Amino acid sequence: MLAGPYVGFYLGYKRGSNGPNDSIFSNHKDFFLENFKKVSFGLNLGGGMEIRTSLPVKFLIEARYCPDLITTFSSENVKIKNKSFEILAGVKF
């Protein structure tokens, strides 16, 4: 089991399409980016397990739920908090 705080940093974005809605978004892009917080704080809540094998390595599996504790974007009509669910896998040597 695991629980603890995290700090997230906004690194930017990239749009992948040039569809008909791009002109609508580009008109409001500056408003969103200026009001989006560049640092977020939240919690990591989850659990994991270590899978032992006959090999000299062990496999790791972990799942986490990470809700923000602060509002990352706010306007008159909209408030946004990030939430994520993570699945991690690894090898322990």
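Residues numbered from 1 in each chain as written. Predicted model: local features only at pLDDT ≥ 70, side-chain atom pairs only at ≥ 80, totals over all residues. Heavy atoms only, no water.

A. Up close: the pairing of strand β3 (residues 58–67). Two strands pair when backbone bridges link them, and strand β2 (residues 39–52) and β3 are joined in this way by 8 bridges, in the antiparallel orientation. Looking at β3, one finds that Glu 50 is bridged to Leu 60. Connecting the antiparallel pair β2 and β3 is a turn made up of 5 residues. Examined bridge by bridge, β3 and strand β6 (residues 83–92) share 10 bridges and lie antiparallel to one another. Within β6, the position partnered with Cys 66 by the bridge is Ser 84. (Pairing = 2+ DSSP bridges. Helix = DSSP H or I, 4+ residues; strand = E, 2+ residues; numbered from the N terminus.)

B. Quick look at the environment of Leu 88. Within the secondary structure, Leu 88 is located in strand β6. Through-space distance from the C-alpha of Leu 88 to that of Ala 63 is 6.3 Å; in sequence the pair is 25 residues apart. Excluding residues that lie within four positions of it along the chain, Leu 88 makes contacts with Leu 60, Ile 61, Glu 62 and Arg 64. (Contact = heavy atoms within 4.5 Å.)

C. Up close: the side chain of Ser 40. Tracing the backbone through its elements, the reader meets Ser 40 in strand β2. Residues within four places of Ser 40 in sequence aside, it is in contact with Tyr 6, Val 7, Gly 8, Asp 68, Ile 70 and Thr 72.

D. Just a nonpolar patch on the surface, in detail. Residues Met 49, Ile 51, Leu 55, Phe 59, Ile 61, Val 91 and Phe 93 make up a contiguous nonpolar surface patch of about 710 Å² in total accessible area. For the nonpolar patch, the secondary-structure elements that each account for two or more residues are β2 and β3. (Patch = residues over 30% accessible without salt bridge, like charges linked within 9 Å, V, L, I, M, F, W, Y side chains within 5 Å. Areas by Shrake-Rupley, 256 points an atom, 1.4 Å probe, with all protein chains shown as cover. Salt bridge = Lys/Arg side-chain N within 4 Å of Asp/Glu carboxyl O.)

E. View of the pattern of salt bridges. By the definition in use, this model includes 5 salt bridges. Two residues, Glu 50 and Arg 52, come together in a salt bridge whose shortest N-O distance is 4.0 Å. Residue Glu 50 is classed as partly exposed on the basis of its relative accessible area of 30%. The class of Arg 52 is exposed, set by a relative accessible area of 66%. As a salt-bridge pair, Lys 58 and Glu 50 come within 3.5 Å of each other at their nearest N and O atoms. In the salt-bridge network here, residues are joined through shared partners; they are Glu 50, Arg 52, Lys 58 and Lys 92. (Buried < 20%, exposed > 50% of the residue type's maximum accessible area, 1.4 Å probe, protein only.)

F. Layout of the packing of aromatic side chains. Scanning the entire structure with this criterion turns up 2 aromatic pairs. Aromatic pair Tyr 10 and Phe 36: ring centres 5.6 Å apart, planes at 45°, arrangement tilted. Of this pair, Tyr 10 sits in the loop between β1 (2–9) and α1 (22–35) while Phe 36 sits in the loop between α1 and β2; the two residues are 26 residues apart in sequence, bridging distant segments of the chain. Residue classification places Tyr 10 among the partly exposed positions, given a relative accessible area of 29%. Phe 36 gets classed as partly exposed once you look at its relative accessible area, which sits at 25%. Here a set of aromatic residues connected by ring pairs shows up, and it is made of Tyr 10, Phe 36 and Phe 73. (Phe/Tyr/Trp six-rings, centres within 6.5 Å; stacked < 30°, edge-to-face > 60°.)

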